[in-house]
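Per-entry structural report
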Amino acid sequence: MSIHINAKKDEIAPLVLLPGDPLRAKFIAENFLEDAQCYNTVRNMYGFTGTYNGTRVSVQGTGMGIPSISIYVNELYNDYGVQKAVRIGTAGSIQKDVKLRDLVLAVSASTDSAANTHRFGGRTFAPSAGFSLLHAAFHAAEKLTAANAAEGAASVRIHAGAVFTSDMFYNDVPDVWKLWARYGILAVEMETAELYTLAAKYGREALALLTISDSLVSGESTSSAEREISFRLMMQTALEAITTP
Ligand code: HPA
């Protein structure tokens, strides 16, 4: 047991998927894993362990933002010996050619959070994805999108690049994203910089997969039906990548 997770050590698999929403963790366990059992109900931040193609996989809600994901990922790496963690979430596009429903593989995560400024005594750190997870995810996503296209499904583009982890969903400087866009960042979200920093700290691997739910460029956002299609691709990519030996 850790402070925020009431599971026995062996109830959590070494491979963990991390949705922000605990009800999404439940949905994933019920729809994508076999024989899933709930191991955590503290604060309703559900966690489940089941199997995917015979490999044990857990799925743990993290909540929104750096302080919340930091608590769960610290405990998963430090108290439960988790080896690989894949965040599955949403992001807002800040580039014209990154469209609604596209899938972004986060190669690195810049941030406006002070967490790493404090951690590194005012120095900067470059939080980056684990390469073997990134490599496996990119190939899985390409294969899955080709298979979907052959079946006539709506196309979803895959992007691999930099994202921005913000502490603020509602920013007092509404156009600040344009600065990050000018430096080639693809999308904005709220957790990845901390996940990648903790993976580096504990010597483990992490990746964030993000479906584009809204665009700061066009002001559009996805309907729940549209989100369903890209969510499936993200889930299958995450499960294939995390179970790649
Ligand atoms: N900003 C921050 N986080 C997000 C966004 C956004 O526009 N969309 C989805 N997560």
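These lines cover the structure that appears in this document, whether it is placed above or below.

How each quantity is defined
Residues numbered from 1 in each chain as written. Predicted model: local features only at pLDDT ≥ 70, side-chain atom pairs only at ≥ 80, totals over all residues. Heavy atoms only, no water. Phe/Tyr/Trp six-rings, centres within 6.5 Å; stacked < 30°, edge-to-face > 60°. Buried < 20%, exposed > 50% of the residue type's maximum accessible area, 1.4 Å probe, protein only. Lys NZ or Arg CZ within 6 Å of the ring centre and 35° of its normal. Helix = DSSP H or I, 4+ residues; strand = E, 2+ residues; numbered from the N terminus. Contact = heavy atoms within 4.5 Å. Near = heavy atom within 4 Å. Polar contact = N/O pair within 3.5 Å; in protein donor to acceptor, adjacent residues only side chain to side chain. Areas by Shrake-Rupley, 256 points an atom, 1.4 Å probe, with all protein chains shown as cover.

Bringing the packing of aromatic side chains into the picture now. Taken as a whole, this structure holds seven aromatic pairs when the rule is applied. When the ring of F120 is compared with that of F125, the centres are 4.9 Å apart and the planes differ by 15°; the resulting orientation is stacked. For F125, a relative accessible area of 33% translates into the label partly exposed. Among the aromatic side chains, those forming a connected cluster through ring pairs are F27, F32 and F231. The positively charged end of R24 is found above the aromatic ring belonging to F231, 4.2 Å away from the centroid.

Another point: the side chain of S230. As for its position among the elements, S230 is in helix α7 (residues 224-242). Its relative accessible area of 2% is what places S230 among the buried residues. Discounting residues that sit within four places of it in the chain, S230 has contacts with R101 and T211.

Moving on, we get to the site of the ligand. Around the ligand, the structure places T90, A91, G92, F169, V188, E189, M190, S213, D214 and L216. G92 is positioned with one of its backbone polar atoms (N or O) 3.3 Å from a nitrogen atom of the ligand. D214 places a polar side-chain atom, nitrogen or oxygen, 2.8 Å from a nitrogen atom of the ligand. Starting from 260 Å² of accessible surface for the ligand in isolation, the protein chains cover 88%.

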